[in-house]
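Descriptive analysis of the structure
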Amino acid sequence: MAIPRPPTPVLLVVAAFSRHATALAWARARLEEAYGPVGVASGALPFNQTRYYETSMGADLRKQFFAFAPLVDAADLAGIKLHTNDLERQFTAEGGFPEARPLNLDPGILTLGKFMLATTKDQAHRIYLRDGIFAEVTLHFQDGAFEPWPWTYADYREPELHRFLLEARGYYKRRLQDEQPPP
């Protein structure tokens, strides 16, 4: 019989996207208030793989990824997704933007073997967590690289994102070593 063990803490990564640089800065500040300082951030990458969000968010979207220094419990992913949904509503309510949804926040967790995203949408390959939130293994790590699955979104297949996730994975490995108790 296998004996359950406590899980290894994971690296929280949140993707923020908007066409407004002020929205990305606002998101980073609010996320840091909640989850601690950003340890690694990507640049604002062009989000042009689909036009799906243009109706609610406008054109010329940019997506920026933030990996947070404090490691988290993987079981917290659903609560983090609910919180980022609240932050989106708060930003929209503050007004000043013509779009119905001026900011989108997508939290995920990175381990040494995978990158997972939280979502409110069920599909055959997603696992229910709680409170209407599902998890999806979006990328898996194999032979030194992040690899997509058939269901992986187009923007998560981009080489620039994979380079960032490799950097974040290296950061995560160092954070795990820092948290190991001395022998």
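A short tour of the structure in this document, coming up. (Residues numbered from 1 in each chain as written. Predicted model: local features only at pLDDT ≥ 70, side-chain atom pairs only at ≥ 80, totals over all residues. Heavy atoms only, no water.)

With that out of the way, let us pick up helix α3 (residues 77-94). Taking 1.5 Å of rise per residue, the 18 residues of α3 would be expected to cover 26 Å, and the 26 Å separating its terminal C-alpha atoms lies within 8% of that figure. Within the sequence span of α3, burial applies to Leu77, Ala78, Ile80, Lys81, Thr84, Asn85, Leu87, Glu88 and Phe91. (Helix = DSSP H or I, 4+ residues; strand = E, 2+ residues; numbered from the N terminus. Expected span 1.5 Å × (residues − 1). Buried < 20%, exposed > 50% of the residue type's maximum accessible area, 1.4 Å probe, protein only.)

Residues in a regular strand point their side chains to alternate faces of the sheet. Relative to strand β8 (residues 133-142), strand β7 (residues 127-130) runs antiparallel, the two being bridged by three bridges. Counted as the bridge partner of Ile127 is Ala135 from β8. Once β7 ends, the chain turns through two residues before running back antiparallel as β8, passing Asp131 with a positive phi of about 50°. (Pairing = 2+ DSSP bridges.)

Moving on, we come to unusual backbone geometry. Trans peptide bonds make up the majority, and among non-glycine residues the majority have a negative phi. One non-glycine residue, Asp131, adopts positive backbone phi at about 50°. Examined against the element boundaries, Asp131 turns out to sit in the loop between β7 and β8. Despite not being glycine, Asp143 shows a phi value in the positive range, around 55°. Mapped onto the elements of the fold, Asp143 is located in the loop between β8 and β9 (145-148). Look at Asp143 and you get exposed, because its relative accessible area is 76%.

Turning to its location among the elements, Asn104 is positioned in strand β5 (residues 104-110). The exposure class assigned to Asn104 is buried, which follows from its relative accessible area of 2%. When near neighbours in sequence (up to four residues on either side) are disregarded, Asn104 contacts Ala15, Ala16, Phe17, Tyr53, Met57 and Glu88. (Contact = heavy atoms within 4.5 Å.)

The next thing to look at is the pattern of salt bridges. Tallying each qualifying case throughout the model produces 10 salt bridges. A salt bridge links Glu99 to Arg19; its shortest N-O distance comes to 2.3 Å. Residue Glu99 is located in the loop between α3 and β5, and its partner Arg19 is located in the loop between β1 (11-18) and α1 (21-35); the two are separated by 80 residues in the primary sequence. For Glu99, a relative accessible area of 10% corresponds to the buried category. Here Arg175 makes a salt bridge to Asp178, at a shortest N to O gap of 3.9 Å. Residue Arg175 and its partner Asp178 are located together in helix α4 (residues 159-179), separated by three residues, close to a single helical turn. (Salt bridge = Lys/Arg side-chain N within 4 Å of Asp/Glu carboxyl O.)

Turning to the packing of aromatic side chains, a few remarks are in order. In this structure the tally under the stated criterion is 13 aromatic pairs. On the numbers, 5.8 Å between centres and 65° between planes, the contact of Phe47 with Tyr53 is edge-to-face. Per residue, the accessibility class of Phe47 equals that of Tyr53, and both read buried. Consider the rings of Phe65 and Tyr156, whose centres lie 5.9 Å apart with planes at 85°: the pair is edge-to-face. (Phe/Tyr/Trp six-rings, centres within 6.5 Å; stacked < 30°, edge-to-face > 60°.)

The topology assignment puts Lys63 in strand β4 (residues 62-68). There is a polar contact of 2.5 Å between the side chain of Lys63 and the side chain of Asp155. Those residues within four positions of Lys63 in sequence are excluded, and the remaining contacts are Ala15, Ala16, Phe17, Ser42, Gly43, Ala44, Leu45, Phe47, Asp106, Asp155 and Tyr156. (Polar contact = N/O pair within 3.5 Å; in protein donor to acceptor, adjacent residues only side chain to side chain.)

A word on the layout of surface pockets. Its boundaries defined by the atoms lining it, the largest pocket holds a volume of some 470 Å³. If you trace the largest pocket, you find 23 residues lining it, with Tyr53, Asn104, Asp106, Lys121 and Tyr153 closest to the centre. When residues of the lining of the largest pocket are assigned to their parent elements, the largest contribution, three residues, is made by strand β6 (residues 114-119). Classifying every residue of the lining of the largest pocket gives nine nonpolar, six polar and eight charged. (1 Å grid on protein atoms, 1.4 Å probe; cavity = no way out; pocket = protein on both sides within 12 Å on 5 of 7 lines; lining within 4 Å. Points joined across faces, edges and corners; volume = space filled by probe spheres on them. Nonpolar A, V, L, I, M, F, W, Y, C, P; charged D, E, K, R; others polar.)

Here α1 crosses α3 at 135°, and the two axes come no closer than 11 Å. When the axis of α1 is compared with that of α3, the two are oblique. With respect to the hand of their crossing, α1 and α3 are arranged in right-handed fashion. Note on element contacts: α3 touches α1 through Ile80, His83, Thr84, Leu87, Gln90, Phe91 and Glu94, opposite Ala23, Trp26, Arg30, Leu31, Ala34 and Tyr35. The class makeup of the residues in the contact of α1 with α3 is eight nonpolar, three polar and two charged. (Axes fitted to C-alpha atoms, helices over the stretch in contact; angles between N-to-C directions. Parallel < 35°, antiparallel > 145°, perpendicular 65-115°, else oblique. Left-handed = near helix turned anticlockwise from the far one by under 90°.)

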